[in-house]
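Overview (structure and organization)
Spelled out from the first residue to the last, the chains are:
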Amino acid sequence: MYVYMNSKDNKEPIVGLKLRQVIRIHRGNVRRNPSFAGLLDFARKDVDLPQSSPKKLLKGLHSNFIQQYEKDKGGYHYIMAEHLRVSGIYWCVNAMDLTKELHRMSAVEIIDYVLSCRNKDGGYGPAPGHDSHLLHTLCAVQTLIIFDCLQKADAESICEYVKGLQQDDGSFCGDLSGEVDTRFTLCSFATCHLLGRLSALNIDSAVRFLKRCYNTDGGFGTRPGSESHSGQIYCCIGALAIAGRLDDIDRDRTAEWLAFRQCDSGGLNGRPEKLPDVCYSWWVLASLSILGRLDFIDQTSMKKFIYACQDDETGGFADRPGDCVSFFADPFHTVFGIAALSLFGDETLEEVDPIFCMTKKCLGDLRIEMF
Ligand code: GRG
């Protein structure tokens, strides 16, 4: 922060300023001054928003886009996505729930499909016959909640499966392959919380592991010593919130790292020197919302970026605004773009819960009130 302390535009001493004011001042100076910070900004990767980009939410187009994905089962994209199908189903039904169009999905068919992905070990795979994985197990539970039929899940065997993946150091493997990642701590905590069995897990040991992944810059990585990344921060903060242990970290330091993810275009990147991507609108904003620091982000420019990621012909969101060659909408970026707009209070959307990325309406009493 020392780089802008002597800036002409900012006569006020930094000491005594609230952190969120400091971040705003920093952004302003980076844009205006040919300073060291300005040079850093020059090197920073970003995109331009094309003049012709959409300037508002094209809600109707997005529900058509998602419904088309469900219908087109013989299509290339559907067939090629078998390895992530249950996650894909959660993205699609969640997008439809957020846009208040869930009734357009074939509930019975989807629920039957998800239930057919359950394995003998209690977990769910991405498609029938695939090995169980924590990611798909959480997505299966989320989908059943969205369709209000959680009673169809065998809560006890699911939580036994999750518990079996916790390691001695508190971390979680995603599946039997043994890959440890803080993403899987959130998946485990969220799954067991949603099934009313969080106590099946060793929470203290899991939190100790998460704190070993907390970096001095305020971020979290996949494992102890790994680089801070917005996606991992979301996972760690979400898990700490579920455990009621958010006070174990320095909220301002973490929020500051997240706020610096905003590029001049208004979009957010996942880590320094990377391009903005609309999915980080969710990972970063939701984290800030959980931390009670949503105002660390410039909402106006960020909304412009999110709107510009929409395909105004087919519907859906792409990772970032671009030309017709690289611009390609998909359900992953669509749900997280819509969810981010919901966090900003778009009244045409259902309200989203920042920890579980599901509508507050479908979660009901399963929500965790933080403030
Ligand atoms: C939604 C409740 C809920 C749970 C999901 C799996 C998970 C829990 C969260 C994933 C968080 C995460 C790691 C997001 C990042 C996804 C992403 C676009 C990764 C791309 O990584 P790189 O290295 O991209 O290709 P960058 O942008 O860093 O270059």
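Conventions and cut-offs
Residues numbered from 1 in each chain as written. Predicted model: local features only at pLDDT ≥ 70, side-chain atom pairs only at ≥ 80, totals over all residues. Heavy atoms only, no water. UniProt positions renumbered as here; feature names shortened; annotations may be inferred. Helix = DSSP H or I, 4+ residues; strand = E, 2+ residues; numbered from the N terminus. Buried < 20%, exposed > 50% of the residue type's maximum accessible area, 1.4 Å probe, protein only. Contact = heavy atoms within 4.5 Å. Areas by Shrake-Rupley, 256 points an atom, 1.4 Å probe, with all protein chains shown as cover. Axes fitted to C-alpha atoms, helices over the stretch in contact; angles between N-to-C directions. Parallel < 35°, antiparallel > 145°, perpendicular 65-115°, else oblique. Nonpolar A, V, L, I, M, F, W, Y, C, P; charged D, E, K, R; others polar. Near = heavy atom within 4 Å. Polar contact = N/O pair within 3.5 Å; in protein donor to acceptor, adjacent residues only side chain to side chain. Core = buried A, V, L, I, M, F, W, Y, C linked by side-chain atoms within 4.5 Å. Patch = residues over 30% accessible without salt bridge, like charges linked within 9 Å, V, L, I, M, F, W, Y side chains within 5 Å. Salt bridge = Lys/Arg side-chain N within 4 Å of Asp/Glu carboxyl O. Phe/Tyr/Trp six-rings, centres within 6.5 Å; stacked < 30°, edge-to-face > 60°. Lys NZ or Arg CZ within 6 Å of the ring centre and 35° of its normal.

Identification of the protein as Geranylgeranyl transferase type-2 subunit beta from Caenorhabditis briggsae is taken from an unreviewed UniProt entry. Its UniProt record gives the protein a comment under Catalytic activity (unreviewed entry), which states: "geranylgeranyl diphosphate + L-cysteinyl-[protein] = S-geranylgeranyl-L-cysteinyl-[protein] + diphosphate". Per UniProt, the protein carries the Subunit (unreviewed entry) text "Heterodimer of an alpha and a beta subunit."

A count of helices and strands for the protein gives 16 helices and two strands. By the burial criterion, 58% of the 371 residues in the protein qualify as buried. By sequence separation, contacts in the protein at least 24 residues apart represent 66% of the contacts at least 6 residues apart. Carbon and sulfur atoms provide 52% of the accessible area of the protein, an area that totals close to 16,400 Å².

Where helix α13 (residues 278–291) contacts helix α14 (residues 299–308), the two axes come as close as 9 Å, and the packing angle between them is 140 degrees. Taken as axis vectors, α13 and α14 run oblique relative to one another. Contacts between α13 and α14 involve Val278, Ser281 and Leu285 from the former and Met302, Phe305 and Ile306 from the latter. When grouped by side-chain class, the residues that make up the contact of α13 with α14 number five nonpolar, one polar and no charged.

As a further point, take the site of the ligand. Not every one of the 19 residues close to the ligand is listed here, only the nearest: Leu135, His229, Arg271, Lys274 and Tyr280. His229 has a polar side-chain atom sitting 3.0 Å from an oxygen atom of the ligand. Here Tyr280 contributes a side-chain N or O atom positioned 2.8 Å from an oxygen atom of the ligand. When the ligand sits alone it has 760 Å² of accessible area, and the protein chains cover 74% of it. Going through the elements one at a time, α7 (134–146), α9 (182–194), α11 (230–243) and α13 are the ones with two or more residues in the shell around the ligand.

This part covers the nonpolar core. Of all hydrophobic cores here, the largest spans 112 residues; its most connected members are Met105, Phe189, Phe220, Ile242, Trp282, Phe356 and Met358. The element that contributes the greatest number of residues to this core is α13, accounting for 11 residues.

With that settled, consider a nonpolar patch on the surface. A contiguous nonpolar patch, built from Tyr76, Ile79 and Met80 and spanning about 350 Å² of accessible area, is present on the exposed surface. On the secondary structure map, Met80 appears in helix α4 (residues 76–80).

With that settled, the discussion passes to unusual backbone geometry. Although it is not a glycine, Lys100 adopts a positive phi angle of roughly 65 degrees. Judged by its relative accessible area of 40%, Lys100 is partly exposed. The phi angle at Cys357 is positive, at roughly 50 degrees, despite the residue not being glycine. As for its placement among the helices and strands, Cys357 is situated in the loop between β1 (352–353) and β2 (358–359).

Regarding helix α10 (residues 203–212), the residues found buried are Ile203, Ser205, Ala206, Val207, Phe209 and Leu210. Where α10 is buried, its residues touch α9 and α11. At the N-terminal end of α10, a side-chain oxygen is found 3.1 Å from the backbone nitrogen of Ser205, two or three residues along, and the residue is Asn202.

We now examine the packing of aromatic side chains. Following the criterion strictly, the structure yields eight aromatic pairs and no others. Residues Trp91 and Phe332 carry aromatic rings whose centres are separated by 5.1 Å and whose planes lie at 75 degrees to one another, so their mutual orientation is edge-to-face. Pair noted here: Trp91 is in helix α5 (residues 85–98) and Phe332 is in helix α15 (residues 331–343), with a separation of 241 residues, a long-range link. Overall, the relative accessible area of 16% leaves Trp91 in the buried class. Residue class for Phe332 comes out partly exposed when judged on its relative accessible area of 23%. Each ring, one from Tyr234 and one from Trp282, has its centre 6.1 Å from the other, and the planes form 65 degrees; the classification is edge-to-face. Separated by 48 residues along the polypeptide, Tyr234 in helix α11 and Trp282 in helix α13 bring together distant segments of the chain. You'll find Tyr234 and Trp282 in the same group, each marked buried. Clustering of aromatic rings is evident, with ring pairs tying together Trp91, Tyr234, Trp282, Trp283, Phe332 and Phe336. Over the face of the ring belonging to Tyr78 we find Arg85, whose NZ or CZ atom lies 3.8 Å from the ring centre. For Arg261, the ring lying beneath its charged end belongs to Trp257, and the centroid distance is 4.4 Å.

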